[in-house]
Amino acid sequence: MSTQLVCPRCEQDYVQPYRFKADGAPFLLCTECDSLWWPSEAVKVAQAQFLDDVVAARLGIEGNPWSDRVWADVIQPEQEASAGEGAVPGRNDRAHPFARTETD
Ligand SMILES: [Zn+2]
């Protein structure tokens, strides 16, 4: 099967391929400790970033990005993203047209 890497930070779970819904940017995520790795980086503790920090930076906000959104608003598992889509990079938004929550 696919290569399964155990998270080097918490060693409690495998890192999973995810992507950002906004632009399809892929990354690896440990859902146990929310560690994030970019595909170009080694999956090691020194390279680990926190999902919260990355999401906050991408959204241009400070602090906790999850006060008014959930993971599913921002990221999705690679499997889910490519299911039925032929795994076309960055073109997965057709299945979820503008599912953003913009309630003020
Ligand atoms: Zn972990």
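Thresholds, definitions, all that
Numbering of residues begins from 1 in every chain and follows the order in which that chain's sequence is written. Two thresholds apply to this predicted model, a pLDDT of at least 70 for residue-level local features and 80 or more for giving and counting side-chain atom pairs, whereas whole-chain, interface and lining totals are computed over all residues. Side-chain measures were taken over the full set of non-hydrogen atoms in the model, leaving aside hydrogen atoms and water. A 2.8 Å cut-off from the metal defines N, O and S donors, relaxed to 3.2 Å for Na, K and Ca; water is not in the atom list, so some sites may appear incomplete. Tetrahedral means four donors with every angle between 85 and 135 degrees, whereas square planar (four donors) and octahedral (six donors) require angles over 155 degrees between opposite donors and between 65 and 115 for all others; sites fitting neither are termed irregular. To sort residues, take the accessible area from a 1.4 Å probe on protein chains only and compare it with the maximum for the residue type: under 20% means buried, over 50% means exposed, and anything in between is partly exposed. Note on aromatic contacts: the rings of Phe and Tyr and the six-membered ring of Trp form a pair at centre separations within 6.5 Å, being stacked when their planes are under 30 degrees apart, edge-to-face when over 60 apart, and tilted otherwise. Counting as a charge over the ring demands two things of the Lys NZ or Arg CZ atom: a distance within 6 Å of the ring centre and an angle within 35 degrees of the ring normal.

Coordination sphere of the zinc ion, protein contribution only: Cys7 (SG), Cys10 (SG), Cys30 (SG) and Cys33 (SG), at 2.2 to 2.3 Å. Around the zinc ion sit four donor atoms, and with donor-metal-donor angles ranging over 106 to 114° the site reads as tetrahedral. Each donor residue of the zinc ion belongs to the same chain, and together they define the spacing C-x2-C-x19-C-x2-C. The exposure classification of Cys7 matches that of Cys10, with both residues buried.

Tallied over the entire structure, the rule returns five aromatic pairs. Chaining the aromatic ring pairs together yields one cluster made of Tyr18, Phe20, Phe27 and Trp38. Geometry around Phe20 places Arg58 over its ring, the cationic atom sitting 3.8 Å from the centre.

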